Amino acid sequence: MFRSFTISCWFLSILLTAPLVQANYADRAEVKAFAQRFAAEHKQDVDSVLAILSQGKYQQGIIDAISKPAERVLNWGDYRRIFIEQKRLDNGVAFGREHQQTLMQVAQQFQVEPAIILAILGVETRYGKVAGSYRVLDALLTLGFDYPPRASFFRGQLEQLLLLGQEQSIDVSSLVGSYAGAMGFGQFIPSSYRAYAVDFDGDKKADIWQNPDDAMASVANYFKQHKWRYGEPVAIQLQSQAIPAELISKGLKPNHSVASLRQAGLKIPKQIDAAAKVSLIKLSAAEGDEYWLGFENFYAITRYNHSRLYAMAVFQLSELIRFSRAM
């Protein structure tokens, strides 16, 4: 009898707590308020907005994933092993050959090196092969209304998703992507899609999900709009030397001139312009620390993902792709 009572209490607790995470989002007061504000600002029918939101579901896996991103637990050595590997390189070279004509047109039009475009697609989704399996609507509702640390940001992305759906005549409940709501070959969040996605093939739709031409052009446009400098360096590794800890850049934006670092005693190759602005980067790995100078183009990569590890992975993969394509 005691066992039966215990099981009954356990089952009752499940029934009582389940609505907190499984209830229809459109029935929640804060979601209704969001829908009403959105509808008023964008002259849409609130019931239609709520009908879309009612299709979203809470996903605990999304909360779990965003709570432990790789950058928080991996050092550069770990990160490098994941992204700088032969299969990703081989696939990048093959993808570049398959789409050679469009890739070169995109690179010329947007003034972004082909290898950088390919490296972004490789790091983000293995050239479209691993673009995420979460419904974007689920991700943005879950994070916007059940993840307080970044609720405001993800509610903003939910608004952008609804606008995207209207502008592109897309059923947003059908879109899939990452746990953070990033989509397609290049993993654009909805606001990035609306700002940078490009219809390169002229079919009146910027298809970053299935169309590699539009995907490559959209990535290139993102870099162009973030002040990529065609033909200029991205990063160089410094030779082994004593580097004062106080010189290491704390932020991502270049904060030193090469001249000032030379005056501080750093050995920097003579061909590097003294007036160039750089960040001084320290990357840790099991085999020891590495020191790099990151130029304005390195900073541009961090606009895509605000992580030095990410930017370095993109840069190093791009160099391998560039060298392999040139052979």
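The structure displayed is predicted, hence computed values, not measured ones.

Engineer: What should I look at first to understand the overall build of the protein chain in this one?
Structural biologist: In terms of helices and strands, the protein chain carries 15 helices and 6 strands. C-alpha extents for the protein chain along the principal axes are approximately 80 × 55 × 40 Å. Taken over 327 residues, the protein chain has a buried fraction of 49%. For the protein chain, the share of sequence-separated contacts (at least 6 apart) that also reach a separation of at least 24 residues comes to 69%. Counting only carbon and sulfur atoms, one obtains 53% of the accessible surface of the protein chain, whose full area is about 16,500 Å². In the protein chain, 35 positive and 32 negative side-chain charges are present, and the distance between their average locations comes to 6 Å.

Engineer: Sorry if this is basic, but what is going on with helix α14 (residues 296–304) here?
Structural biologist: Burial analysis of α14 places 8 of its 9 residues in the buried class, which makes it a mostly covered element. All of the buried residues along α14 are N297, F298, Y299, A300, I301, T302, R303 and Y304.

Engineer: What is the right way to read the nonpolar core from this model?
Structural biologist: A general trend in soluble globular proteins is that nonpolar side chains are found buried together. Judged by nonpolar contacts, the single largest core of 86 residues is most densely connected at L53, L158, F223 and I301. Looking at this core element by element, the count peaks at 9 residues for helix α15 (residues 308–326). In contact with I301, other than residues within four places in its own chain, are I116, F223, W228, V234, Y310, A311, V314 and F315. In this structure, L261, L266, I272 and L293 belong to the second largest nonpolar core, which totals 16 residues.

Engineer: Before we go on, may I ask you to explain the packing of helix α7 (residues 100–110) against helix α12 (residues 212–225) in this structure?
Structural biologist: When two helices pack together, you describe them by how their axes are tilted relative to each other and by the distance separating the axes. Interaxial distance between α7 and α12 falls to 10 Å at its minimum, and their mutual angle equals 20 degrees. By the angle between their axes, α7 is roughly parallel relative to α12. Judged by the sense of rotation from one axis to the other, the crossing of α7 with α12 is right-handed. Taking contact as the criterion, the partners of T102, L103, V106 and F110 in α7 are, on α12, D213, M216, A217, A220, N221 and K224.

Engineer: Hey, could you run me through the environment of E232 in this one?
Structural biologist: Here E232 is to be found in the loop between α12 and β3 (235–237). Look at E232 and you get partly exposed, because its relative accessible area is 40%. When the C-alpha atoms of E232 and K282 are compared, they prove to be 22 Å apart, with 50 residues separating the residues in sequence.

Engineer: Explain unusual backbone geometry here, please?
Structural biologist: Comment: phi is negative for the bulk of residues other than glycine, and the bulk of peptide bonds are trans. Residue R126 is not a glycine yet carries a positive backbone phi of 50 degrees. Along the chain, R126 turns up in the loop between α8 (114–125) and β1 (134–135). If you check the backbone angles, K227 has positive phi at about 65 degrees while not being a glycine. Take K227: it is sitting in the loop between α12 and β3.

Engineer: Looking at this model, I keep getting lost on the packing of aromatic side chains. Mind explaining?
Structural biologist: For any two aromatic rings, the description comes down to two numbers: the centre-to-centre distance and the angle of the planes. What the rule picks out here adds up to 17 aromatic pairs. Taken together, a centroid distance of 5.9 Å and an interplanar angle of 50 degrees make the contact between F188 and Y222 tilted. You can see F188 sitting in the loop between β2 (176–177) and α11 (190–196) and its partner Y222 sitting in helix α12, a full 34 residues away along the chain. On the basis of relative accessibility, which here comes to 8%, the residue Y222 falls in the buried class. Taken together through their ring pairs, the aromatic side chains of F188, Y196, Y222, F223, W228, Y304 and Y310 make up a single cluster. Residue placement shows R150 over the ring face of F153; its charged tip is 4.6 Å from the ring centre.

Engineer: So what exactly am I meant to see when it comes to the sheet that holds strand β4 (residues 256–257) here?
Structural biologist: Within a beta sheet, neighbouring strands are joined by backbone hydrogen bonds and run either parallel or antiparallel to one another. Sheet architecture is open: 4 strands sit in the order β3-β6-β5-β4, paired in antiparallel fashion. Looking at the sheet topology across the chains shown, the edges are occupied by β3 and β4. Inspection of the sheet shows β4 paired to strand β5 (residues 277–285) by 2 bridges, in the antiparallel sense. When the bridges of β5 are listed, S257 appears paired with K277.

Engineer: Looking at this structure, I do not really get the pairing of strand β6 (residues 288–294). What am I missing?
Structural biologist: In regular strands, side chains alternate between the two faces of the sheet. Among the 7 residues that make up β6, 5 are buried, leaving the element largely enclosed by the rest of the structure. Sheet topology places β3 next to β6; 3 bridges connect them, and they run antiparallel. In the sheet register, Q237 faces β6, and the bridge partner there is W292. Counting the residues between successive antiparallel strands, the hairpin from β5 to β6 contains 2 residues.

Engineer: What am I meant to see in the pattern of salt bridges here?
Structural biologist: Between side chains of opposite charge, a pair can form when the charged atoms approach closely. What the rule picks out here adds up to 14 salt bridges. Ionic pairing is found between E290 and R80, a salt bridge with its closest N-O pair at 2.9 Å. Remark: R80 occurs in helix α5 (residues 76–83) and E290 occurs in strand β6; sequence separation between them is 210 residues. Residues joined by salt bridges that share partners form a network here, namely R28, E30 and D146.

The rules behind these values
- Residues numbered from 1 in each chain as written.
- Predicted model: local features only at pLDDT ≥ 70, side-chain atom pairs only at ≥ 80, totals over all residues.
- Heavy atoms only, no water.
- Helix = DSSP H or I, 4+ residues; strand = E, 2+ residues; numbered from the N terminus.
- Buried < 20%, exposed > 50% of the residue type's maximum accessible area, 1.4 Å probe, protein only.
- Contact = heavy atoms within 4.5 Å.
- Areas by Shrake-Rupley, 256 points an atom, 1.4 Å probe, with all protein chains shown as cover.
- Lys, Arg positive; Asp, Glu negative; His and termini not counted.
- Charge placed at Lys NZ, Arg CZ, Asp CG, Glu CD.
- Core = buried A, V, L, I, M, F, W, Y, C linked by side-chain atoms within 4.5 Å.
- Axes fitted to C-alpha atoms, helices over the stretch in contact; angles between N-to-C directions.
- Parallel < 35°, antiparallel > 145°, perpendicular 65-115°, else oblique.
- Left-handed = near helix turned anticlockwise from the far one by under 90°.
- Phe/Tyr/Trp six-rings, centres within 6.5 Å; stacked < 30°, edge-to-face > 60°.
- Lys NZ or Arg CZ within 6 Å of the ring centre and 35° of its normal.
- Pairing = 2+ DSSP bridges.
- Salt bridge = Lys/Arg side-chain N within 4 Å of Asp/Glu carboxyl O.

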